[in-house]
Amino acid sequence: MKTFLRNQLERYAQRLGELDFLLSREDIMGDMAQYRLLSREHAEVTQVAGRYARYVQREADLAGAREMLADPDMAEMAQEEIASAEAELLQLEDELQRLLLPKDPDDTRNAFMEIRAGTGGDESALFAGDLTRMYSRYAANVGWKVEVVSENAAELGGYKEIVLRIEGDNVYGTLKFESGGHRVQRVPATETQGRIHTSACTVAVMPEPDETEAIKLNPADLRIDTFRASGAGGQHINKTDSAVRVVHLPTGIVAECQDGRSQHSNKAKALQVLQARIQEKERSERAAKEAALRKGLIGSGDRSDRIRTYNFPQGRLTDHRINLTLYKLLLVMEGDLADVLQAMAHAREAEQLEELEMGAAG
């Protein structure tokens, strides 16, 4: 194990002793807010310190087994113990590295996902529809709930823009690296010459704001319009009477909701999306500043970053940020996204680990 990691883990063991002492004090127990804060830290520190104690124990077991090798009667048993201890130490080191990485408090939140057609006209709108289906299928596979907040359907199918609310465990943490430009290369159904066209969509994933911590919107900064949305017909036509559009005048950011049955619920959802978009604007500005200081391979999640290409003639998906290429595009489009999302998460963990190491060296 690297020295800087070991030093950090030693500090967790020390901190556990401090927290045990603090939580036993009467003045701390009398202050519920402080007590809750320290209890939460105690639970996190206990987990890390416990796994590190196990690591140290297995290191001692490994050293003991190596000494036993010299005894011919014990050699076979020693070999088994060495193999077992080495395998567990590798696993524990990997686990401990992940536990040390800084956590984004938004990772556990639900998310809004906005998919917008870009260059490519009708074909781009159809691709926006395909992406919507892909993410909805993935969500269903992992037990998440998806609802449409607003949609602007295109004439030939698909969407000019659609906003989804996705609810479940760790939604934002899982999907946040999907933000950016998605490019498709394929022969459109309308193409008679069999030529491959390239079109694009942008995806933005935003954590759903916490009602208690969300930025407070000044009513004077808002213009709220109600309108009758032009649904795609059929089942939507009756419930799009009370659509609401909210404009945040200082930034010009707009959000609308047309899917609820009442004007009141549509307004509440539109305000949530608006808050999420304002927070996302602030987040991406911060990320752009950080990216200027150090160019992370994951990028800033900016819409203009082209992150992925879906090449249908070759059945190939390429993520340009981590040079990932998979030849199972049709499965991915059916919602089999686990490999892609996992690869992004691992790349970010490696990046964070590098930052930790540089911080420790600095």
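Residues numbered from 1 in each chain as written. Predicted model: local features only at pLDDT ≥ 70, side-chain atom pairs only at ≥ 80, totals over all residues. Heavy atoms only, no water.

Asks: Got a minute to help me understand the nonpolar core in this structure?
Replies: Across soluble globular proteins, you tend to see nonpolar side chains buried next to one another. Formed by 37 residues in total, the largest nonpolar core has its most connected members in Leu131, Tyr135 and Tyr310. Looking at this core, the elements that each hand over two or more residues are β1 (111-117), α5 (121-141), β3 (159-167), α6 (171-175), β5 (197-207), β11 (324-326), α8 (329-333) and α9 (338-361). Element by element, the count of residues in this core is highest for α5, at seven residues. Residue contacts for Leu131: discarding those within four places in its chain leaves Ile115, His182, Cys201, Val203 and Tyr310. Counting residues in each nonpolar core, the second largest holds 18 residues, with Phe4, Leu5, Leu62 and Leu96 among its members. (Core = buried A, V, L, I, M, F, W, Y, C linked by side-chain atoms within 4.5 Å. Buried < 20%, exposed > 50% of the residue type's maximum accessible area, 1.4 Å probe, protein only. Helix = DSSP H or I, 4+ residues; strand = E, 2+ residues; numbered from the N terminus. Contact = heavy atoms within 4.5 Å.)

Asks: Which parts of the structure should I look at to understand the packing of aromatic side chains?
Replies: Where two aromatic rings form a pair, the distance of their centres and the angle of their planes describe that pair. Scanning the entire structure with this criterion turns up three aromatic pairs. An angle of 80° between the planes, with centres 5.6 Å apart, marks the rings of Tyr138 and Trp144 as edge-to-face. In this structure Tyr138 comes out as buried when scored by relative accessible area, which is 10%. Seen from the ring of Phe312, Arg186 lies directly overhead, with NZ or CZ sitting 4.9 Å from the centre. (Phe/Tyr/Trp six-rings, centres within 6.5 Å; stacked < 30°, edge-to-face > 60°. Lys NZ or Arg CZ within 6 Å of the ring centre and 35° of its normal.)

Asks: Which parts of the structure should I look at to understand the pattern of salt bridges?
Replies: Pairing between side chains of opposite charge can happen when their charged atoms approach one another. Per the counting criterion, the structure on display carries 34 salt bridges. Put simply, Glu147 and Lys269 hold a salt bridge, and the shortest N to O gap is 2.8 Å. One end of the pair, Glu147, is in strand β2 (residues 145-153); the other, Lys269, is in helix α7 (residues 263-293), with 122 residues separating them in the sequence. Within the structure, one salt-bridge network assembled from shared partners comprises Lys145, Glu147, Arg165, Glu167, Glu208 and Lys269. (Salt bridge = Lys/Arg side-chain N within 4 Å of Asp/Glu carboxyl O.)

Asks: What exactly am I supposed to notice about the sheet that holds strand β6 (residues 222-227) here?
Replies: Pairing between the strands of a sheet comes from backbone hydrogen bonds, and it takes one of two forms, parallel or antiparallel. Here three strands make up an open sheet; going across it, the order is β6-β7-β8 and the pairing antiparallel. Single-partner strands in this sheet number two, and they are β6 and β8 (253-257). Averaged over all neighbouring strand pairs, the angle between strand axes comes to 15°, with direction disregarded. For β6 and strand β7 (residues 243-248), the ladder comprises six bridges, and the chain directions are antiparallel. Residue pairing for β7: Ile224 is matched across the bridge by Val246. (Pairing = 2+ DSSP bridges. Axes fitted to C-alpha atoms, helices over the stretch in contact; angles between N-to-C directions.)

Asks: Quick question: what am I supposed to make of the sheet that holds β5 here?
Replies: Read across the open sheet, the eight strands follow the order β2-β3-β1-β5-β4-β9-β10-β11; overall the sheet is mixed. Whereas interior strands pair on both sides, the edge strands pair on one side only; in this sheet they are β2 and β11. Across this sheet, the average inter-strand angle for adjacent strands is 15°, counted without regard to direction. Strand direction decides the pairing type here: β2 and β3, joined by eight bridges, are antiparallel. Among the inter-strand pairings, Lys145 is bridged to a residue of β3, identified as Glu167. This element, α5, spans β1, β2, β3, β4 (180-186), β5 and β9 (306-311) of the sheet and lies at about 110° to β4.

Asks: For this particular structure, what's the right way to read the packing of helix α1 (residues 3-23) against helix α3 (residues 32-68)?
Replies: Relative orientation and spacing of two packed helices are given, respectively, by the angle between their axes and the distance between those axes. At a minimum axis distance of 8 Å, the contact between α1 and α3 shows a crossing angle of 135°. It follows that α1 is oblique to α3 by the angle criterion. Between α1 and α3 the crossing geometry is left-handed. Contact residues: Arg6, Leu9, Glu10, Tyr12, Ala13, Arg15, Leu16, Leu19, Asp20, Leu22 and Leu23 in α1; Tyr35, Leu38, Ser39, Glu41, His42, Val45, Thr46, Val48, Ala49, Tyr52, Tyr55 and Glu59 in α3. Of the residues assigned to the contact of α1 with α3, the class counts are 14 nonpolar, three polar and six charged. (Parallel < 35°, antiparallel > 145°, perpendicular 65-115°, else oblique. Left-handed = near helix turned anticlockwise from the far one by under 90°. Nonpolar A, V, L, I, M, F, W, Y, C, P; charged D, E, K, R; others polar.)

Asks: I would appreciate a short explanation of unusual backbone geometry in the present structure.
Replies: Excluding glycine, residues mostly have negative phi values, and the peptide bonds linking residues are mostly trans. Phi is positive for Asn170, which is not a glycine, with a value near 55°. In this structure, Asn323 is a non-glycine residue whose phi angle is positive, near 50°. With respect to the helices and strands, the residue Asn323 is situated in the loop between β10 (316-319) and β11.

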